[in-house]
Amino acid sequence: MENDAVLPDEAPLDEKDVSQRSTSVWKRFIIGSSDVSEENETKRAMQSRHLMMIAIGGTIGTGIFLSAGSAIALAGPGSALLSYFVVGVFVYSVVISLGEMSAMYPVSGAFSVFGSRFVSRALGFTLGWNYWFQWSLSIPSELTAAAIILQYWAPQVQAWQWALIIIVPVFLLQLIHVRVYGESEYWFALIKVLMIIVFIFVGLIYDWGGIKGHPGPGLSNFHNGQAFIGGFQNFAQTFVYAFYSFGGVELVAIAAGESAQPHKSVPRAIKATFFRIVLFYILTILTIGLCINWQDPTLLSAAYNSDVTASPLTVVFKRAGLGAAAHVVNAVLLTAVLSATNSCFYASSRMLLSLAKSGQAPRVFGLVNSRGVPVPALVMALAVSSVTFLTTIWGEGIVFTWLLNLTGISALLVWASIGLISLRFRMAYRAQGRSLLDLPYTQPFFPLLPAGVVVLAILMFIAEGYSAVKEEPFQAKNVAATYIGVTLYVVLYIGYTIYERFVLGIRQHFVPLRKVDLETDAVWKRGEGAMNRDRDDKHEEDTAVVVARGWRTWLSYAVKHVY
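Residues numbered from 1 in each chain as written. Predicted model: local features only at pLDDT ≥ 70, side-chain atom pairs only at ≥ 80, totals over all residues. Heavy atoms only, no water.

### Let's talk about helix α2 (residues 48–57)
With eight of ten residues buried, α2 is to be regarded as a mostly interior element. Summarising the contacts, the buried residues of α2 are in contact with α8 (178–207), α10 (251–255) and α11 (262–291). (Buried < 20%, exposed > 50% of the residue type's maximum accessible area, 1.4 Å probe, protein only. Helix = DSSP H or I, 4+ residues; strand = E, 2+ residues; numbered from the N terminus. Contact = heavy atoms within 4.5 Å.)

This is how it looks when you write it as C-alpha cells:
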C-alpha cells in the first residue's frame with residue numbers, strides 16, 4: 001500500500017496533462033517556442049562552404065538528368081551545345097550582376113527587395129510572386145520525377161503514394177533549422193557533383209574507344225549534317241530545356257540572407273557558378289551528344305515519360321559496359337531530385353516571407369519561429385505542392401512538360417528583370433555620389449553584363465515565340481505554354497500598379513534615383529569599404545602566419561585563389 005501512496009509534491013498525471021505535454025513537444029518542434037512573432041528574424045547560420053556547394057550543384061536535378069537529352073533529340077548535338085552555351089553566358093551575366101547587389105545587401109528577398117527599392121514597388125511585387133509561383137510549381141514537378149525514379153525499384157507503388165512519402169521528410173528537414181538545409185544541400189550537391197564528374201570521364205573514355213569490347217561513336221554524331229537539325233526553329237525550341245536546366249542559379253542570392261559573412265561568402269559562391277556552368281552543363285551536354293545519337297529514342301523517353309532507364313547517364317554507363325551501375329545512377333538521380341525539392345521549399349518559403357515582411361503578402365507569412373524558420377510560409381509551399389496529385393489524373397509526362405514550359409519562361413522573365421535592376425542600382429549609386437570601393441564585390445565590364453542580359457532575354461523570348469508559332473502542325477497549346485508565364489508577369493505588374501495608384505494613393509511609380517535607399521541592410525556603411533578590406537586582409541595574413549605550413553594549408557591556399 002505504501003507504494004500506492006501519492007507524495008505531496010507528486011501530483012498524479014491525468015490523460016489531459018499527458019495530451020498537453022505531447023502537444024507541447026510537437027509545438028516546440030514545429031514552432032520553436034511560444035514566442036512566434038514578426039519580431040523574430042531568420043538566422044545567419046549557413047557557412048561559406050554551404051553557399052559554395054549550393055552555387056555549384058544545389059539545383060542540379062531533372063533538368064540536366066532527364067530533360068537535357070530532349071534538346072539533342074530536337075535540334076542535334078551541335079544546336080543543343082550552342083543553346084546551353086548561349087544560355088550559360090546569359091545566366092552567368094545574371095549571377096554576376098545579382099552578386100554585386102547581394103554581397104552588399106544580403107536579404108532573403110534578394111531581387112524582389114532590390115526591385116522594390118531600386119526601381120518600383122510594382123516590380124518587386126511582381127518578381128516576388130512570380131518567383132514564388134515558379135518555385136512552388138517546381139515542387140510537384142520534382143516530386144513527379146522522384147516518384148518515377150522510385151517506381152524503377154517498386155513499380156507496384158503508385159506515383160502519388162511515393163510523392164507523399166518523399167514530401168514529408170523534406171518538409172520536416174526545413175522545419176528544423178536553416179543550418180540543416182545548408183548541410184543537407186552540401187552533401188546532396190557533393191554526391192551530384194561526383195556523379196557528373198564520373199559520368200563525363202566515363203563518357204569521354206567510352207566515346208574515344210578507351211573501353212575494350214565497347215567501341216565508342218567518336219565524332220560520328222557530329223558528322224554528315226547531324227550536328228544541327230531542323231534549322232533555327234528547332235534551335236530556338238531548345239532554349240526551354242536550357243532555361244529549365246539552369247533554373248536556380250540565382251538561389252545563392254536568396255541564401256545570402258541567412259549566410260554568415262555574406263560580403264565574403266557571396267562573391268566566392270558567385271565566382272564558383274562559372275565552374276558549374278562549364279563543368280555540369282556544357283561538358284555534360286557535349287558528352288551526351290558525343291555518346292548518344294540524336295535519333296536515339298531514349299533521349300525523348302527520358303523526359304516525356306520520365307523513364308529513368310532512358311536517362312542519358314544510365315544509357316552511357318550501360319553502353320560503356322557498366323550496366324550494373326544503373327542502380328547507382330538511379331540512386332544519385334533520386335538524390336538530385338530530393339535536393340532540388342529541398343531547394344524548392346527553401347526558395348518558395350523565403351520569398352513569401354520577404355513579401356510578407358514588405359507588406360506585399362498576408363502578414364501571417366511573415367511569422368518566424370525562435371529557430372528562424374518561417375513556418376507559415378513553409379506550410380503554404382506544402383499546400384501548393386498538392387498539385388502533384390494531378391499527375392494521377394493527367395499522367396506524369398503531360399504534367400511534367402507543362403510545368404517545364406511554365407517555369408522555364410518564368411525564369412527568363414526574372415533574369416531579364418535582374419539585368420534592369422542592376423542598371424538602375426548603379427545609376428542610383430552614381431547619382432548619390434557613392435564610391436564603388438564601398439561595394440564588397442564589383443561586377444566587371446559594367447554596363448555590358450546587365451545590358452547584355454536584357455538584350456539576350458528579348459532575343460531569346462522572340463525566338464521562343466517564333467518557334468511556337470512555326471511548329472508543325474501548329475497547336476495553340478504550344479503558344480499558350482510559351483506565353484502563360486508572361487501573362488502572369490503582366491497581370492501582377494499592372495494589377496499592383498492599379499492598386500498602388502487608386503487604393504494606396506501613390507502617384508509616383510518609379511523611385512527617384514536620389515531617394516533610392518542605399519543604407520538599409522548594407523553590410524558596410526558609406527566610406528567603410530577600404531577600411532573593412534584592409535582589416536580583412538590583415539586578419540587573413542595574421543591567420544596565415546600562425547597556422548603551420550602543412551599540406552592542408554597549401555591546399556586551402558590553392559582553393560582560395562581558384563575561387
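Next, the rest of the story.
### Considering a nonpolar patch on the surface
Together, V490, I494, I498, Y499, F502, V503, L504 and I506 line one region of the surface with nonpolar side chains, adding up to about 760 Å² of accessible area. As for its placement among the helices and strands, V490 is situated in helix α19 (residues 476–502). (Patch = residues over 30% accessible without salt bridge, like charges linked within 9 Å, V, L, I, M, F, W, Y side chains within 5 Å. Areas by Shrake-Rupley, 256 points an atom, 1.4 Å probe, with all protein chains shown as cover. Salt bridge = Lys/Arg side-chain N within 4 Å of Asp/Glu carboxyl O.)

### Let's talk about the packing of helix α6 (residues 121–151) against helix α7 (residues 159–176)
Across the interface, α6 lies against α7 with an axial gap of 8 Å and an inter-helix angle of 110°. The orientation of α6 with respect to α7, classified from their angle, is roughly perpendicular. Here the hand of the crossing between α6 and α7 comes out right-handed. Residues L143, A146, A147, L150 and Q151 of α6 lie in contact with α7, whose contacting residues are A159, W162, A163, I166 and I167. Residues belonging to the contact of α6 with α7 are distributed by class as follows: nine nonpolar, one polar and no charged. (Axes fitted to C-alpha atoms, helices over the stretch in contact; angles between N-to-C directions. Parallel < 35°, antiparallel > 145°, perpendicular 65-115°, else oblique. Left-handed = near helix turned anticlockwise from the far one by under 90°. Nonpolar A, V, L, I, M, F, W, Y, C, P; charged D, E, K, R; others polar.)

### Things to note about the nonpolar core
By size, the foremost hydrophobic cluster in this structure holds 155 residues, and its most contacted members are Y84, F111, F118 and W415. In terms of residue count, α6 provides more of this core than any other element does, 15 residues in total. Apart from residues no more than four positions distant in its own chain, F111 is found in contact with L98, L127, Y131, E250, I254, M351, V414, I418 and I421. (Core = buried A, V, L, I, M, F, W, Y, C linked by side-chain atoms within 4.5 Å.)

### A few points about the environment of L173
Along the chain, L173 falls in helix α7. Classification of L173 by relative accessible area gives partly exposed; the value is 27%. L173 sits eleven residues away from S184 along the chain, and the two C-alpha atoms are 8.7 Å apart.

### A closer look at the side chain of H509
Looking at where H509 falls in the secondary structure, it is placed in the loop between α19 and α20 (529–546). Here the side chain of H509 touches Y493 through a polar contact of 2.7 Å, side chain to side chain. In this structure, H509 is in contact with V119, S120, A122, Y493, T497 and E500, ignoring residues within four places of it in sequence. (Polar contact = N/O pair within 3.5 Å; in protein donor to acceptor, adjacent residues only side chain to side chain.)

### Comments concerning the packing of aromatic side chains
In total, this model carries 22 aromatic pairs according to the counting rule given. Ring centres 5.8 Å apart and planes at 50° place the aromatic pair F232 and Y466 in the tilted group. Of the two residues, F232 sits in helix α9 (residues 231–246) while Y466 sits in helix α18 (residues 448–470), which places them 234 residues apart along the sequence. Residue classification places F232 among the partly exposed positions, given a relative accessible area of 47%. Y466 sits in the partly exposed class, given a relative accessible area of 37%. (Phe/Tyr/Trp six-rings, centres within 6.5 Å; stacked < 30°, edge-to-face > 60°.)

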